[in-house]
Amino acid sequence: MVALVIAFRRILRELVSGIKTVLTLVLTLFLDLLFAAYNLLTPDRPAGRVVPQGHPGRCSCPALNALANHGVLPRDGKSIKFTEVTDAVCRVYNLSPTLSFLLGDFIAGSLVRNFRTDRLDLADIDVHNCIEHDASLTRVDHFHDPDQDKIAHEGIDGVLASGTGPGGNLTPPDIARLLGKRRVEAKTRNPKFSLALIHKLFGSANGTMLLTIFGGRVDDLRSFLGEERLPDGWESRIRHRMGMTAFEFNFKVFSVELSIKEEVDDSIARAGQERYLRAGEAESRKNA
Ligand SMILES: *[C@@H]1O[C@H](CO)[C@@H](O)[C@H](O)[C@H]1NC(C)=O
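Residues numbered from 1 in each chain as written. Predicted model: local features only at pLDDT ≥ 70, side-chain atom pairs only at ≥ 80, totals over all residues. Heavy atoms only, no water.

K.L.:
Residue-level account of the site of the ligand, with values.
P.N.:
Neighbouring the ligand are S60, C61, E132, H133, A135, S136, L137, L179, G203 and N206. Taking S60, its main chain carries an N or O atom lying 3.0 Å from an oxygen atom of the ligand. The backbone of C61 places a nitrogen or oxygen atom 3.4 Å from an oxygen atom of the ligand. Alone, the ligand offers 360 Å² of accessible surface; in the complex the protein occludes 94% of this. (Near = heavy atom within 4 Å. Polar contact = N/O pair within 3.5 Å; in protein donor to acceptor, adjacent residues only side chain to side chain. Areas by Shrake-Rupley, 256 points an atom, 1.4 Å probe, with all protein chains shown as cover.)

K.L.:
Could you give an account of the environment of L99, naming the residues involved and the relevant values?
P.N.:
As for its position among the elements, L99 is in helix α4 (residues 97-110). Separated by 107 residues in the primary sequence, L99 and N206 place their C-alpha atoms 14 Å from one another. Apart from residues lying up to four places away in sequence, L99 is in contact with D32, M244, T245, A246 and F249. (Helix = DSSP H or I, 4+ residues; strand = E, 2+ residues; numbered from the N terminus. Contact = heavy atoms within 4.5 Å.)

K.L.:
Provide a residue-level description of unusual backbone geometry, including the pertinent values.
P.N.:
A positive phi angle, close to 60 degrees, is found at N94, a residue other than glycine. Here N94 is to be found in the loop between α3 (82-93) and α4. For N94, a relative accessible area of 8% corresponds to the buried category. Look at A135: it is not a glycine, yet its phi comes out positive at around 65 degrees. Within the element layout of this structure, A135 appears in the loop between β2 (119-120) and α5 (153-160). (Buried < 20%, exposed > 50% of the residue type's maximum accessible area, 1.4 Å probe, protein only.)

Structure follows, in structure tokens:
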């Protein structure tokens with residue numbers, strides 16, 4: 001009987017929380033659509049007028065680290081309210097309030113915390129394969145170094161040298177090419193390599209942020225990725241009045257992800273096979 005009551009309450013809870021999640025999502029996306037329409041109908045803000053005056057702009061995420069380095073988030077990166085995080089990314093990077101909320105709410109959900117009441121240490125997002133994942137453009141894989149707040153300068157230099165746009169700036173095809181190459185390389189070198197579809201999309205999402213917030217400009221990215229600081233007087237390259245909406249963002253993320261050729265030409269699938277072969281040969285030599 002007691003077991004039945006527990007089971008019943010459990011199912012009820014899941015139902016209610018499921019309905020809540022769906023309703024929140026529908027409402028947020030509806031608002032987001034309104035913002036997207038507003039952006040479409042209004043001219044962008046003039047350059048130099050994106051961030052409200054006085055708000056210039058350490059974990060695996062350069063964007064959150066930079067906010068802490070500049071004191072927009074608490075400098076020690078600890079015990080931060082999720083709502084502080086969403087306010088900060090909204091203000092400094094000019095993401096729409098809806099996209100900022102969806103990102104913050106997603107992090108809270110992934111960490112099984114309450115968006116409204118709980119708090120976050122930046123290092124919490126380094127739980128492997130929760131949000132932090134392999135094949136980063138800015139970190140070595142967790143297998144090679146679990147310390148995911150360490151900046152991978154070599155990889156970053158490679159990224160900054162790969163721009164084919166005007167002035168050597170990064171374009172969407174550059175990001176797709178870099179991500180594909182990095183996935184192959186990571187799978188070849190990391191025997192514990194993993195990358196679920198959701199993490200592939202996070203990866204493209206990170207890359208899309210570089211293209212939108214920073215406009216792919218390598219001069220700005222040198223300081224953002226290399227030192228996790230925003231250049232003096234920097235402001236977001238997103239100039240829409242309502243910020244970058246979830247619609248615009250997701251469209252760009254999918255465009256990048258779906259143009260990664262290594263995902264269809266089998267090079268990721270084949271990467272690592274050589275390592276298995278070598279391991280197999282060593283094994284049979286030992287047995288001979
Ligand atoms: C995207 O960011 C997450 C979290 O900071 C990081 O773990 C991941 O490796 C990044 N992905 C890419 C492709 O840079």
